[in-house]
Amino acid sequence: MLSDTENKNPLRHGYLLHDVSRLRRTVFDQHMKPRGITRSQWWVLTNLARHKDKELTQVELARLLDVGKVTIGGLLDRLDENGFIVRTAHQSDRRSKRIAVSKKGRKLLDEIESMALELNNESMQGVTEEQYDTLVEVLSIIKKNLMAMDSSQAKGS
């Protein structure tokens, strides 16, 4: 690990990570707009799809995404209006609804996945397989370190 004195610009990787993430989101949003879905709505759909073995309640989904119940409620309303999700009555709690991705939502997710692969391939042009492997390894280490820092901060609070 380079110390601050050995590193020519100790802040450079942070700025690069931020800029790459921001630019990737912007390009992704531009490709999503014609499909009539926002990044927030897409985020809800993908998380529902990841838990396809279990329909989630609005409260469970809000916790999973780390957003408020009102925020998730608005997102779910728009997804429901567009036919991307299905809400069904909870078996043991009539006030609660179970939420799942609809057939139309799954079709949209398939389109998005295909588009995301294409964008990923385009954004990685000129990167060798070895460089890609190193990138993934380094980002994984940074993520692990940040998660440990976040965890230790939470314990100290």
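In what follows, the accompanying structure is described.

Definitions and cut-offs
- Residues numbered from 1 in each chain as written.
- Predicted model: local features only at pLDDT ≥ 70, side-chain atom pairs only at ≥ 80, totals over all residues.
- Heavy atoms only, no water.
- Buried < 20%, exposed > 50% of the residue type's maximum accessible area, 1.4 Å probe, protein only.
- Helix = DSSP H or I, 4+ residues; strand = E, 2+ residues; numbered from the N terminus.
- Pairing = 2+ DSSP bridges.
- Patch = residues over 30% accessible without salt bridge, like charges linked within 9 Å, V, L, I, M, F, W, Y side chains within 5 Å.
- Areas by Shrake-Rupley, 256 points an atom, 1.4 Å probe, with all protein chains shown as cover.
- Salt bridge = Lys/Arg side-chain N within 4 Å of Asp/Glu carboxyl O.

If a strand is regular, its side chains alternate between the two faces of the sheet. Counted residue by residue, strand 3 (residues 97-101) has four buried out of five residues, so it is predominantly covered. Across two bridges, strand 1 (residues 56-57) lies against strand 3 in antiparallel orientation. Counted as the bridge partner of T57 is R98 from strand 3. In terms of strand pairing, strand 2 (residues 85-89) meets strand 3 through five bridges, oriented antiparallel.

Turning to a nonpolar patch on the surface, a few remarks are in order. On the surface, a nonpolar cluster with roughly 450 Å² of combined accessible area is contributed by L17, V127, Y132, L135, V136 and L139. Among the elements that line the nonpolar patch, the one with the most residues is helix 6 (residues 129-156), at four residues. Structurally, L17 is set in helix 1 (residues 12-32). We classify L17 as partly exposed; its relative accessible area is 36%.

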